[in-house]
Amino acid sequence: MAKVVPGRFTAHLDGPFVVFIIGMRVNKLLAFHKWVPVASAMGGMLKELHEHPELGFLGSTAHFNSRELTQIQYWRSYEHLEHYARNSHNHLTAWRKFNQSVGTDGTVGIFHETYLVEAGKYECLYGNMPVWGLAKAGEHVPAVGKRETARRRLGGENEPAVPTPPQ
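An unreviewed UniProt entry lists the protein chain under the name DUF4188 domain-containing protein, with Brevibacillus choshinensis as the source organism.

Colleague: I would appreciate a short explanation of the overall build of the protein chain in the present structure.
Modeller: In terms of helices and strands, the protein chain carries five helices and seven strands. Along the protein chain, helices and strands appear, N-terminal first, in the series β-β-α-β-β-α-α-β-β-α-β-α. Principal-axis analysis of the C-alpha atoms places the extent of the protein chain at approximately 65 × 35 × 25 Å. Residues counted as buried form 35% of the 167 residues belonging to the protein chain. For the protein chain, the exposed area adds up to about 10600 Å²; of that, 58% sits on carbon and sulfur atoms.

Colleague: I tried to follow the pairing of strand S2 (residues 17-26) on my own but got confused; where do I start?
Modeller: Working note: regular strand, side chains alternate between the two faces of the sheet. The element S2 is extensively covered by neighbouring structure, given that eight of its 10 residues are classed as buried. Sheet analysis places S2 next to strand S5 (residues 108-117), joined by 10 bridges and oriented antiparallel. Each residue of the ladder has a partner; that of Val 26, found in S5, is Val 108. With eight bridges joining them, S2 and strand S4 (residues 68-75) adopt antiparallel strand pairing. Opposite Met 24, over in S4, you have Leu 69 as the bridge partner.

What counts, and at which threshold
Residues numbered from 1 in each chain as written. Predicted model: local features only at pLDDT ≥ 70, side-chain atom pairs only at ≥ 80, totals over all residues. Heavy atoms only, no water. Helix = DSSP H or I, 4+ residues; strand = E, 2+ residues; numbered from the N terminus. Buried < 20%, exposed > 50% of the residue type's maximum accessible area, 1.4 Å probe, protein only. Areas by Shrake-Rupley, 256 points an atom, 1.4 Å probe, with all protein chains shown as cover. Pairing = 2+ DSSP bridges.

Structure (structure tokens):
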């Protein structure tokens, strides 16, 4: 289990970046032979991405519930993401296998969403959390001063996030 870092933190990342949400949904639980290979394919891709930082992958966080596997990924640019999707042996193999074995039969759903984030056009807060999400992909920094509130993290000005009563 990841170590909890007490306090309030935010993330810093220089320049623009991409948030890519990718996942799968098991629509027919008993069709193991269809969804297990889809679920397993991500491991090889992540290994490749972590071993080759020049591909532009910055990091990810995974989430699971009873039917869905979801990853929030961070990429240096859309060009890096697209190049990987269209040129990686691991991704192309998984993509082709999915189309051949599942296609449109409805047993397994897949999804992705892509967000292009301009430099400084994001904000996040992590309170008493392990290093997570964008802070894991970028830099984990204290949420103080110009980083204390959501408005300040977005370049504006306002009062402290939660006024603390005198002790």
